[in-house]
Amino acid sequence: MARIAIKAPCFIILHILAVFTIKPALSGGLGDEFAVVADHDVLGFHGDYTPPSPPPPPALPLPPPLSCEDLEGVGSIDSTCELNKTLEFDGDVYIKGLGNLYILPGVHLSCPFGGCFMLVNISGNFSLGQNGVVVAGTVHVVAHSVSLIDGSLINVSGLAGEPPEETSGTPQGVQGAGGGHGGRGANCLTDNEKLPDDVWGGDAYSWQSLDKPYSYGSKGGTTSKEEDYGGEGGGRIKFEVESEIEVSGSLSADGGDGGVKGGGGSGGSIYIRAHRMIGSGTISAAGGSGFAGGGGGRISINAFSRHDDTGYFVHGGRSFGCPENAGASGTYYDAVPRSLTVNNHNLSTHTDTLLLEFPKQPLWTNVYIQNHAKACVPLYWGRVQVRGQLRLSSGAMLSFGLAHLGTSEFELMAEELLMSDSVMKIYGALRMSVKMHLMWNSKMLIDGGHDAILATSLLEASNLVVLRESSVIHSNANLGVHGQGSLNLSGPGDLIEAQRLVISLFYSISVGPGSMLRGPLETASDDDLTPRLHCELQDCPRELLHPPEDCNVNSSLSFTLQICRVEDIIVEGSITGSVLHFHWVRTVLVHSTGTVSVSGLGCTGGVGRGKIMDNGVGGGGGHGGKGGDGYHDGIFISGGISYGNAELPCELGSGSGNDSLAGATAGGGIIVMGSLEHSLSSLSIDGSISADGESFGERIRETNGRTNSVVGPGGGSGGTILLFIHALVLGDSSIISTVGGHGSPNGGGGGGGGRVHFDWSSIPVGDEYYPLASVKGNIHTGGGLGRGRGRAGENGTITGKACPKGLYGVFCKECPLGTYKNVSGSDRALCQDCPFHELPHRAIYMAVRGGVTETPCPYKCISERFHMPNCYTALEELIYTFGGPWLFSLILLTVLILLALVLSVARMKYVGEESPAIVPPRRGSRIDHSFPFLESLNEVMETNRIEESQSHVHRMYFMGSNTFSQPWHLPHSPPEEIIEIVFEDAFNRFVDEINSLAAYQWWEGSVYRILSLLAYPLSWSWLQRCRKNKLQQLREFVRSEYDHACLRSCRSRALYEGIKVAATSDLMLGYLDFFLSGDEKRADLPPPLNQRFPMSLIFGGDGSYMAPFCLHNDNILTSLMSQAIPPTIWYRLVAGLNAQLRLVRRGQLRVTLGRIVSWLETHANPTLVTCGVHLNLASFQPTASGYCQFGLIACAVENQNLPSSIEGQDGLLQPQEQPCLPRTYIDEPVDLSVVKQPLPLMTCKRMCGGVLHSKSFRTFKEKKPMLYPLSFIVYNTKPAGHQDLVGLVVSMLLLGDFSLVLLTLLQLYSISLMDFLLALSILPLAILYPFPAGISALFSHGPRRSAGLARVYALWNITSLINVVVAFICGLLHYRNHSGKRHSDSNFQSWNFSADESEWWMLPSGLVLCKIIQARLIDWHVANQEIQDHSLYSNDPEVFWHF
């Protein structure tokens, strides 16, 4: 290592100001004074508390500048000089030039002596390479740009020179205390005569120059007189850069460590001025560790543009002698935003960082006290004013004044006061003015001392005050909290309390569950600041009835807690005090968990105090009712008297009469809501409002240090609840109580009840009347119980304002029916009975709005068939209109005679004319399938249908469900039934043409799939439209395009009449009907019904919600079945079967089809067997994809022999599955066991084919669709009845659904436009379509149309759940994103996350619930529309067939 000795005449460098003679650019930074703010005579305890500012040091000469050659470098200082060798200096270093200076990687420049400084003043660039090190007492660099490469270090730690004169940064004595600078040094000394806050080490200094710090740190103290073990103070680092500085390395000005025998030195000073600052290095001026830690230093950064996250450390040093008391934090000042940060890096401390006089021009923007830093404003009077935030977080503490001198006054002004896990203490009075005050698990403690003049603190927050997570505002004096926005105590532990508390000017106040407003304090001492209660006054204090309008804190008034000029008050927690007053308040809402209480907070003595014997046994206090007498040894001790005005009460409850007696009880306090001039608009109570007297044992007082439990005082009397209100709502669980307290078990009397008065602001009368109160809760004013042989107190009073005419009672209700009231008053006896003789014998009295005020009392007739005013019938009115019974009889006789004459003449003139013939019934008219018919009409209709079916040969069903994936198609090879009337080859060609025509185009299926993804109801409509078009194409093809070449009949080929295409109404089941044309000359065709058995009857639909299974019954089928079954029975059977098929659900076919089998066996077959027919449930035509149709197999039951081949439909039933034989007529009873034998199943993938019965269902498998879970929400049900009621509820839910949709969209729009568009467009606008679809369904004409539209409405309703899920996901992502941002900064609690957002799930969840309920009600509505006859679902076959 090279060593250079600088030859110069004994230069002792004390300050860098001497550079002025060399470079004028240094004039702004080198002439700063070491300023100390405070008056030495202000507070003279503990040494020099705030020393005066020292005089500026004289300018000293600089050593000769060193050249690049002197530094053994390469190049020139005036161009570029590169230092590549490690150098150690033994004196101050001065480098000056016009070029660049580069200290290459790994090079060390050191001057390891206290106070040694290095000054680099160049016009170019300065660079410290990787792992390069500069060590000195002061490092001052003036350059165009500076680069401190990663791994580089500028270290002035523990190399301080002498601190400024006349400062007390270095502690005295041998206590081993830490040195002070930006923060005080710690002191581990324990002094029982001083408070912990009054014990510290070295003091703080250089407050006024914290924006441009340039002071050395102070040395720590020692624990030995022989040797100084204290750590040295930190040095100074200063950069003045015209352009850019890169701080990727480290700048260290920490105090030196003192070990276990010496105090740590305080941190030094670091000041950086540049236009731009980058890099993520560290800048540290922390205090040194030792027996007691040193205070932090000062850092100031003045950089216009900053881009990287540089680490700053100004915390105090660790204390080995007292680990819980580290050195106080120093200061970090950011000059561009003008923000001050006090951060102790989570080291706990009892030592203060002093905040002295704040600048007035310009104001600081923000002040941050963080991470267990402890700051103090230690003046008699001080103003803390910032333009932005004052933020305390993470265990920070800010105190105003001194703990032993609580006579100071302070002002705090800021935009926002944010407190998170922190404490603010005020010793004296505080005048706070902020726009927003937010507290999270924090405390504001105000100690007003004992000076009544300085005992009032005012906290004003113009926009918002929020307390959360057990935050507390406490004052042992008077406290006013004012604002213009909201005051919110959020939850358990949140508390605002004072001896006298006034809260005013807020728009709304919310007292959350478990939170409290309290005044006076629960453990208040009897000092000058404790409110005095006027216990001996019998007159009502004027301020309770006519309070002042200014809402100021006035200790001369009787209020202990007043809420003034507030719009809305919501109470879910507790409001407690002795005299509570709600003045100029609009609404008060007390939730079920809320309480407003003055119970036991009234007078111990008072006007109605009970008498007390020498042994302590006494009577109860009196108020609204007399106190109960006490009893002892055969003597009754009188209870307190009743006092006060029941019509306008405002007195405190009285107690047991002796405050010095252990166990003495107090009466209830006073609650006044409103005033004579300004009443409450609305008071709604679900919780409690109480002013109960105190019972013995609730609070045991001590006398001479011992609790006396032998005494027996009486209970306190109830207090007063005076309500000036406009409207009142008492919920089911609400309580208004002024009951008396219970006496002691030793014979104490019970306290008398208190008083409750309702003073209504205005009582409407006549047609404008409306009920003033809705009372479902309880109002208690009973007396307390006497114990032992003591007597109970008398009940108190419940009164109301005198009611006008027609009204009575406390709540001014209308007089009972049949009474009237023509005077003012509230007594029930004033409502007199109406004169009975004025009431007609067919009339009853009727209610009149506002009550009846005069006679005669209004009445009405008992029925609409009687007419006013005499309640006559129409005949009686007619009789009395014509003069009474006798005269009316005469007139009537005359009219009869005249009419007889006229009729006689008419009969004679028209005699002999024939009456018109009866028109015969129209041939071919259809029978209504839902109602019974006359036998003659049945016979006529049966004849018509038999004639129509004479040419029908066979019905051939299409396979497939007529969908894009399962189009209709016919099997090749004609069935046996038509093999004789068709050409097989031509038939196969016909089948090919039909199958080709029945197939859908690819684009039709593509449109369907796209619509299924975008809006399923539209895809259903598209499918139905395509099905309808496909059916029309098939009909046109068979009717006009196809030449019927497959038919053998020449007549059929010529007339195109041998084949017809038809389908069920749901367009899912199609079929071909084959007819004879008359030229076949076949006696065996068409076959009769008995030859068609077993006959297949396939169901339409697929068991889904939109297409339930249904047996299609047309004229041909009816005519065929009428050959064996009477039409009325067949129609009833089809109606009942279709009603049961409605309940079959796709996805649950095993269960629901089993019910169809049971219904056939219990309802259908027992009746049909008399006709020789038996029905079985079966599956048909399984396709390659697994689709299977369901239907019935009709067969005869008499013959037990099975034919060799039976084909239910196109030969699909195997020979071993043949269920029955053609019908033969016998007279013996039918053995049903033949047709009930279980038949094997043939499986087709997951579907089954064949007859279905109870045993076959065990192996029945079904492929459940992807949307199977939705079938539990939307499915066909039995009719529920109450059609009008169901429609009404559906209408209400539809409007509620639409309202929730709009709120949900509004919530999403408030989050982001993207979330709004996502919820609206996935699926596109489906969330809005249920409303118009529901309106169209509910207000359509005709049951069938209404049911169809309701199904579409149900589809839109269930489809819109996808939009709701999208909205839910958007809300969840937004909530998690904000939650992550909220916890990303560990230094403080974010206040930007609205409480509202934590809650985002509520609207989507309500919408899901609403839609599920809607779906259920729509199912009932559809069932009510489609099934008008409820007997179709009867479990009793006799009821079912009795039509």
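Refer to the structure presented above.
Trainee: Report on the overall build of the protein chain, specifying residues and quantitative values.
Mentor: Within the protein chain, the secondary structure is distributed over 19 helices and 69 strands. Burial analysis of the protein chain (1443 residues in total) assigns 55% to the buried set. In the protein chain, the share of contacts with a sequence separation of at least 24, taken over all contacts with a separation of at least 6, comes to 65%. Looking at the protein chain as shown, the accessible area adds up to about 61800 Å², and 55% of this sits on carbon and sulfur atoms.

Trainee: Lay out the packing of aromatic side chains in plain terms, naming residues and giving numbers.
Mentor: Using the criterion set out here, one finds 23 aromatic pairs in the structure. The interplanar angle of 45 degrees and the centroid separation of 6.2 Å between the aromatic rings of Trp207 and Phe358 together place this pair among those described as tilted. Taken together, the positions of Trp207 in the loop between strand S13 (153-155) and strand S14 (236-241) and Phe358 in the loop between strand S23 (353-354) and strand S24 (366-370) put the pair 151 residues apart, joining distant regions of the chain. For Phe358, a relative accessible area of 4% translates into the label buried.

Trainee: Can you break down the environment of Gly594 residue by residue, with the values?
Mentor: You can see Gly594 is positioned in the loop between strand S42 (579-590) and strand S43 (595-597). Take Gly594: its relative accessible area is 1%, and that puts it in the buried class. Between the C-alpha atoms of Gly594 and Asp686, which are 92 residues apart in sequence, the distance is 7.8 Å. Those residues in contact with Gly594 that lie beyond four places of it in its chain are Val571, Glu572, Gly573, Gly687 and Ser688.

Trainee: Before we move on, can you summarise the nonpolar core with the specific residues and values?
Mentor: Within the largest apolar cluster, 93 residues are counted, with the highest numbers of intra-cluster contacts made by Met444 and Ile563. No other element matches strand S30 (residues 423-440), which puts six residues into this core. Each residue touching Met444, except ones within four places of it in the same chain, is listed here: Leu417, Met419, Met424, Ile426, Met432, His437, Met439, Leu459, Val472, Ile473 and His474.

Trainee: Outline unusual backbone geometry, supporting the account with residue identities and numerical values.
Mentor: Glycine aside, residues mostly have negative phi angles, and peptide bonds mostly take the trans form. Residue Pro856 is reached from Thr855 by a cis peptide bond, and omega for that bond is 0 degrees. Inspection of the secondary structure assignment puts Pro856 in the loop between strand S60 (843-845) and strand S61 (859-861). Here the residue pair Met868 and Pro869 is connected by a cis peptide bond, since its omega of 5 degrees sits within 30 degrees of zero. One can find Pro869 in the loop between S61 and helix H2 (874-881). Positive phi outside glycine occurs at Asn131, with the angle close to 65 degrees. Note that Asn131 resides in the loop between strand S9 (125-128) and strand S10 (133-135).

Trainee: Can you tell me about the pattern of salt bridges, naming the residues and giving the values?
Mentor: A complete count under the given rule lists 28 salt bridges for this structure. In this structure, Glu244 and Arg276 form a salt bridge, with 2.1 Å as the shortest nitrogen-oxygen distance. Taken together, the positions of Glu244 in strand S15 (residues 244-247) and Arg276 in strand S17 (residues 269-278) put the pair 32 residues apart, joining distant regions of the chain. Classification of Glu244 by relative accessible area gives partly exposed; the value is 26%. The partner of Arg518 in a salt bridge is Glu497, with the nearest N and O atoms 2.7 Å apart. Of the two residues, Arg518 sits in strand S39 (residues 516-519) while Glu497 sits in strand S36 (residues 495-497), which places them 21 residues apart along the sequence. Comparing Arg518 with Glu497 shows no difference in burial state: the two are buried. Within this structure, Arg184, Asp203, Asp352 and Lys374 form a network of salt bridges that share partners.

Analysis parameters
- Residues numbered from 1 in each chain as written.
- Predicted model: local features only at pLDDT ≥ 70, side-chain atom pairs only at ≥ 80, totals over all residues.
- Heavy atoms only, no water.
- Helix = DSSP H or I, 4+ residues; strand = E, 2+ residues; numbered from the N terminus.
- Buried < 20%, exposed > 50% of the residue type's maximum accessible area, 1.4 Å probe, protein only.
- Contact = heavy atoms within 4.5 Å.
- Areas by Shrake-Rupley, 256 points an atom, 1.4 Å probe, with all protein chains shown as cover.
- Phe/Tyr/Trp six-rings, centres within 6.5 Å; stacked < 30°, edge-to-face > 60°.
- Core = buried A, V, L, I, M, F, W, Y, C linked by side-chain atoms within 4.5 Å.
- Salt bridge = Lys/Arg side-chain N within 4 Å of Asp/Glu carboxyl O.

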